[in-house]
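If you want the building blocks of each chain, they are given just below.
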Amino acid sequence: MWMNSNYWAVALLTAMVSGVTAQEAGNILSVAAYQHTATLDQRGDFVMRWTPEEESLRVEIQVATKGWAGLGFSPSGGMRGADITLGWVDSHGELHVHDRYAHGKTTPVVDHSQDTVVEGGYQNDTHTVIRFSRPWNTCDKSQDMRLTDDTMRVIWAFGEEDPVDEMVMERHAQRGVKSIYLKEPGFAPPPLTEDIGAWDIRAPNVSLSSHTDTVYWCKLYKAPDHVNGTHIIGFEPLISKDNLAYVHHMILYTCIGSPSRLHRWAQHDGVQCYASNMPPSWYSCRTVYIAWAVGSEGETWPDNVGLPVGGGNEPHYFMLVVHYDNPRLTEGVVDDSGLRVLYTKKLRKYEAGVLVVGHMVEKGQVIPPGQTWMSIGHCGAPCLEAFLPPEGIKVIQVAQHSHLLGRGLTLRHIRGHRELPVIAQDLNYDFNYQISRRLKKELTVLPGDSFIQECLYDSHGKTDPTFGGFSTREEMCVSFLLYYPKVPITSCLSHPALENIYQPLGVKNIQTLNKNRTYYWDLDEERERKLVEALLEREEKPSITAYDFGMVYKSMGVHEPGSLNNKTLYDIFLDKKTWRDEGRMRALQKQIEYGTHRIECRTNSLRQWKDYEYPHFTSIKTLDDECAESEGSQVYHLVPSDVPKEGSPSHTLQPASTPSLLLGSVGLLLILLK
């Protein structure tokens, strides 16, 4: 496909008017506005710029080569199955661009259907620049990828010389892959004015440990007087360039409790979160205000909402939690990253809140090794209906979060006995690229509604089970919902009943071995006072220890059957034979998905537990309307009135796959109606 002649017509007209050459005019056109820019390699040799439009994606690539360059979208991050746009400028100055498909590690073939629209390009002494657009959905299902709201794996490559012809070219000199959310709206922080200010919250020069790969650091802060009585309207991450590889996510919580005690703690440099030396009163800092993760440039929220600071019962004290990931155990890393909190003195119409839903971060999440596995978390109707007003709340955006094993995350919305459209979904989840998704339309959540958070994991590279926890090598399964108007509820999380985890593995009953174990909520005022004094008097920062939520199973002895009563649940979990029994794996997956869960419903001052059964509902999903041969085709999936039994036709008991995330949990009956 040669370059569109209209491009050069515009370039030459520009040259005539401005007195520059056509080559220079091409350079001028190349700086046309795009919403996003990403450097795809570490040297800065391959830059991608793009703008998401309603029907298509507009792209420009700027590559430090005088040979060929290619940009593609891959299902896995590799060549096989990739949808690639490849082009070059030949020795005669002609631009060649093709829509191609990669069968493997060979030269991509030219598609039968050319769906790339060439918008221009040129070459100078150092770079090749190519501009093109393509529909989000080309309907070429055999050779093109449909670009969706998922995180997309963008692959890139270039060679130093022009191809001999369409299929004869040198092997790439450089190549790579980067995760990008293509439909992300552009982030532009508002200018600071008399009405809009910034409050910088930074970690206090935290020294990372070279003995553990994961550190969560907690530090308390008091809102300055000039921030009290305002609304938070957005934020930016503050991370030094040298530490970008270590700062994985940050959460800003609000705190309740004695102002005098919190004020004293705000003078301290902080401690390792959720460890033995974390003051018990800090666990009162549990209402999420801001959640940032790697990949996000920052956020600003709609003009009608803001998070309140100070005044009345609103928070004056905050806790910043910074998650550091140091897999290579690098020594000497010191960090002062944080958040620039944007606020306004002109109060917005609605006070917003953040609701956390999904699976509790604790031992009750167990992911067997060597599996494709589904975990779920419930936020049930009994919890929401107690706190939502009759008219409900409006959800604005969603941020989904898991760790290294996460592959697909879906947040489902149930009302009565019917599933509503999926709230948020990312079937190409990347732990190293996480940003919030602004909903195209505000979502109404009514009293009596419920959520199901599904997380699909791939543990085929593991030899031991993975437990829920804060470490990067442990797992999470949660979503953060920004909504308005603000209501008291702060989190709605669940975990499977413990017996639904150990009974499928052949353990009938357990007993607690360490009945004197102390938990943070058992500590009294005197113990807290002594801890305060010890930490405030200590000159050096407290030591950092490794997280291991699974260790709690060492205190749970097997009571029945008798043949196992000299073992603990930890012994059972760490026994490789436990996970080789396919029947047990199917039974365990069934119980984790459909068995009884315990829901924790939390406000700032209340913590309630409720037993909860998997809801029964019918869901309707439309097919790919853009490419459907007949209008009105729909896919129905039905959840039977009873939990499917093992081996029944409505429950295949196979590990979840991509279609099951699109259409619901594993084992749902699919009926195609035309």
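What you see as residue numbers is a count from 1 along each chain, following the sequence as written. Confidence filtering applies because this is a predicted model: local features only for residues at pLDDT of at least 70, side-chain atom pairs given and counted only at 80 or more, and all residues used for totals across whole chains, interfaces and linings. Side-chain measures were taken over the full set of non-hydrogen atoms in the model, leaving aside hydrogen atoms and water.

Asker: Whenever I open this one, the sheet that holds strand S14 (residues 214-222) confuses me. Can you help?
Answerer: Two orientations exist for strands paired in a sheet by backbone hydrogen bonds: parallel and antiparallel. Only strands joined by at least two bridges in the DSSP assignment are considered to pair. In DSSP terms, a helix is any run of H or I states spanning at least four residues, a strand is any run of E spanning at least two, and both are numbered starting from the N terminus. The five strands are arranged S17-S14-S21-S16-S18 in an open sheet whose pairing can be described as antiparallel. Looking at strand neighbours, the two that pair on one side only are strand S17 (271-272) and strand S18 (287-293), the edges of this open sheet. As paired elements, strand S16 (residues 247-254) and strand S21 (residues 317-325) share seven bridges and run antiparallel to each other. Note that in S21 the partner of Ile 251 across the bridge is Val 321.

Asker: Help me understand the pattern of salt bridges, please; the structure alone is not making it clear to me.
Answerer: Think of it this way: side chains of opposite charge can pair up when their charged atoms draw near. A carboxyl oxygen of Asp or Glu within 4 Å of a side-chain nitrogen of Lys or Arg is what we treat as a salt bridge. Enumeration according to the criterion identifies 21 salt bridges in this entry. Two residues, Arg 412 and Glu 454, come together in a salt bridge whose shortest N-O distance is 2.5 Å. Linking Arg 412 in strand S29 (residues 406-415) with Glu 454 in strand S32 (residues 450-458), this pair joins segments that are 42 residues apart in sequence. Comparing Arg 412 with Glu 454, the two get one shared label, buried. The partner of Lys 576 in a salt bridge is Asp 464, with the nearest N and O atoms 3.1 Å apart. The buried label applies to any residue whose accessible area, calculated with a 1.4 Å probe on protein chains only, is under 20% of its type's maximum; exposed applies above 50%, and partly exposed to all values in between.

Asker: When you look at the nonpolar core in this model, what are you seeing that I'm missing?
Answerer: Proteins that are soluble and globular tend to have nonpolar side chains buried together. Grouped together as the largest cluster of nonpolar side chains are 64 residues, with contacts concentrated most on Trp 199, Met 319, Tyr 324, Leu 339 and Phe 480. Tallying contributions element by element places S21 first for this core, with seven residues. Setting aside anything within four residues of it in sequence, one finds Phe 480 in contact with Ile 251, Val 288, Ala 291, Val 354, Leu 355, Val 356, Gln 397, Val 398, Ala 399 and His 401. Buried residues of nine kinds, namely Ala, Val, Leu, Ile, Met, Phe, Trp, Tyr and Cys, make up a nonpolar core once their side-chain atoms join them within 4.5 Å. Core analysis: the next-biggest nonpolar cluster, separate from the first, contains 30 residues, Val 63, Ala 69, Leu 95 and Val 97 among them. Should any heavy atoms of two residues lie within 4.5 Å, those residues are counted as being in contact.

Asker: I would appreciate a short explanation of a nonpolar patch on the surface in the present structure.
Answerer: There is a patch of nonpolar side chains on the surface, built from Val 164, Met 167 and Val 168 and spanning about 280 Å² of accessible area. Its place among the elements puts Met 167 in the loop between strand S10 (152-158) and strand S11 (174-180). Here, patches come from residues exposed beyond 30% relative accessible area and free of salt bridges, joined within 9 Å for like charges and within 5 Å for nonpolar side chains (Val, Leu, Ile, Met, Phe, Trp, Tyr). Note on areas: these come from Shrake-Rupley sampling with a 1.4 Å probe, and a residue is covered only by the protein chains present in the view.

Asker: Any chance you could explain the sheet that holds strand S9 (residues 128-135) here in plain terms?
Answerer: As summarised here, the arrangement of the five strands in space is S1-S2-S3-S9-S8, forming an open sheet in which the pairing is antiparallel. The open sheet has two edge strands, strand S1 (36-39) and strand S8 (117-123), and neither has a second partner. When the angles between neighbouring strand axes are averaged without regard to direction, this sheet yields 15°. Axis definition: a line fitted to C-alpha atoms, limited for helices to the stretch in contact. Angles are taken between N-to-C directions and run from 0 to 180 degrees.

Asker: Just to check I follow, could you spell out the pairing of strand S6 (residues 95-101) for this structure?
Answerer: Successive residues of a regular strand alternate their side chains across the two faces of the sheet. Burial within S6 is extensive, with seven of its seven residues counted as buried. Going residue by residue along S6, you find Leu 95, Val 97, Asp 99 and Tyr 101 tucked away on one face and His 96, His 98 and Arg 100 tucked away on the opposite face as well. Relative to S6, strand S5 (residues 83-89) is paired through seven bridges, and the arrangement is antiparallel. Bridging from a neighbouring strand, Thr 85 pairs with Asp 99 of S6. Counted between consecutive antiparallel strands, the loop separating S5 from S6 contains five residues, among which Gly 93 sits at a positive phi close to 85°.

Asker: Just to check I follow, could you spell out the confidence of the model for the chain for this structure?
Answerer: Fine structural detail should not be taken from predicted coordinates in areas where pLDDT scores are low. Residue-level confidence of the predictor, termed pLDDT, takes values from 0 up to 100. For the chain, per-residue confidence averages 82 on the pLDDT scale, and 81% of positions sit at 70 or higher. Here strand S42 (residues 669-673) is the element of the chain with the lowest mean pLDDT, 26, and S32 is the one with the highest, 97. Across residues 517-523, confidence stays below pLDDT 50; counting only partners more than four residues off in sequence or on other chains, it has 10 contacts.

Asker: Where do I start with the state of the cysteines in this structure?
Answerer: The criterion for a disulfide is a pair of cysteine sulfur atoms lying within 2.5 Å. All chains considered together, the criterion is met by five disulfides. There is a disulfide in this structure between Cys 379 and Cys 492, and the S-S distance comes to 2.2 Å. Linking Cys 379 and Cys 492, the disulfide has an S-S dihedral of approximately 105° and is accordingly described as right-handed. Of this pair, Cys 379 sits in strand S27 (residues 372-379) while Cys 492 sits in strand S35 (residues 491-496), and the two are 113 residues apart along the sequence. Looking at Cys 492, the relative accessible area reads 0%, which means it is buried.

Asker: Help me understand unusual backbone geometry, please; the structure alone is not making it clear to me.
Answerer: Trans peptide bonds make up the majority, and among non-glycine residues the majority have a negative phi. A cis amide bond links Tyr 484 with the next residue in sequence, Pro 485, at an omega value of -10°. By the secondary structure assignment, Pro 485 is in the loop between strand S34 (478-484) and S35. Residues Glu 560 and Pro 561 are joined by a peptide bond in cis, for which omega reads 0°. For Pro 561, the location among the structural elements is in the loop between strand S37 (556-560) and helix H7 (569-574).

Asker: Sorry if this is basic, but what is going on with the environment of Trp 292 here?
Answerer: If you trace the backbone, Trp 292 turns up in strand S18. For Trp 292, a relative accessible area of 5% gives the class buried. The sequence separation of Trp 292 and Val 322 amounts to 30 residues, and the corresponding C-alpha distance is 9.6 Å. In contact with Trp 292, other than residues within four places in its own chain, are Phe 235, Pro 237, Ile 239, Val 247, His 248, His 249, Met 250 and Leu 339. Two N or O atoms count as a polar contact when they lie within 3.5 Å, although within protein this holds only if one can serve as hydrogen donor and the other as acceptor, and sequence-adjacent residues are included solely when both atoms are side-chain atoms. Separated by 2.8 Å, the side chain of Trp 292 and the backbone oxygen of Ser 296 make a polar contact.

Asker: Help me out: how do you make sense of helix H8 (residues 582-594) in this one?
Answerer: Since the α-helix advances by 3.6 residues per turn, residues separated by three or four positions end up pointing in the same direction. For a helix, the expected span equals 1.5 Å multiplied by the residue count minus one. The end-to-end C-alpha separation of H8 is 18 Å, in line with the 18 Å expected for 13 residues at 1.5 Å each. Within H8 the residues assigned to the buried category are Met 585, Leu 588, Gln 589, Lys 590, Ile 592, Glu 593 and Tyr 594. At its buried positions, H8 is contacted by strand S26 (366-367), S27, S35, helix H5 (499-502) and strand S38 (597-602). At the N-terminal boundary of H8, the capping side chain belongs to Asp 581, with an oxygen 3.0 Å from the backbone nitrogen of Gly 583.

Asker: Looking at this model, I keep getting lost on the packing of aromatic side chains. Mind explaining?
Answerer: Aromatic rings considered in pairs are described by the distance between their centres and by the relative angle of their planes. Pairing of aromatic rings covers Phe, Tyr and Trp, the last through its six-membered ring, and needs centres within 6.5 Å; plane angles under 30 degrees mean stacked, over 60 mean edge-to-face, and all others mean tilted. Here the structure, examined in full by the defined rule, presents 13 aromatic pairs. Seen in terms of ring centroids, Trp 265 and Trp 282 are 5.4 Å apart; in terms of plane orientation they differ by 90°. Their pairing is edge-to-face. A residue pair is termed long-range when its members are at least 10 positions apart, and Trp 265 in helix H3 (residues 259-265) and Trp 282 in the loop between S17 and S18 qualify at 17 residues. Taking relative accessible area as the criterion, Trp 265 reaches 0% and is therefore assigned buried. Between Phe 467 and Tyr 553 the ring centres are 5.3 Å apart and the planes differ by 40°, which places this aromatic pair in the tilted class. You can see Phe 467 sitting in strand S33 (residues 466-467) and its partner Tyr 553 sitting in the loop between helix H6 (525-537) and S37, a full 86 residues away along the chain. Using a relative accessible area of 7% as the deciding quantity, one classes Phe 467 as buried. Cluster of aromatic residues (ring-pair linked, three or more members): Phe 467, Tyr 553, Phe 573 and Trp 579. Between Lys 219 and the ring centre of Tyr 221, over which it is positioned, the NZ or CZ distance is 4.5 Å. Here, over-ring charges are defined by two tests on the NZ atom of lysine or the CZ atom of arginine: distance to the ring centre within 6 Å, and angle to the ring normal within 35 degrees. Sitting above the plane of the Tyr 181 ring, Arg 437 keeps its charged end 3.6 Å from the centroid.

Asker: Help me understand the side chain of His 323 in this model?
Answerer: Note on placement: His 323 falls in strand S21. Not counting the four nearest positions on each side in its chain, His 323 is found in contact with Thr 214, Val 215, Tyr 216, Tyr 246, Val 247, His 248, His 249, Phe 470 and Thr 472.

Asker: What am I meant to see in the pairing of S34 here?
Answerer: Burial runs high along S34: seven of the seven residues are buried. As paired strands, strand S25 (residues 353-359) and S34 are joined by six bridges and run antiparallel to one another. Looking at the pairing, Leu 355 lines up with Leu 481 of S34.

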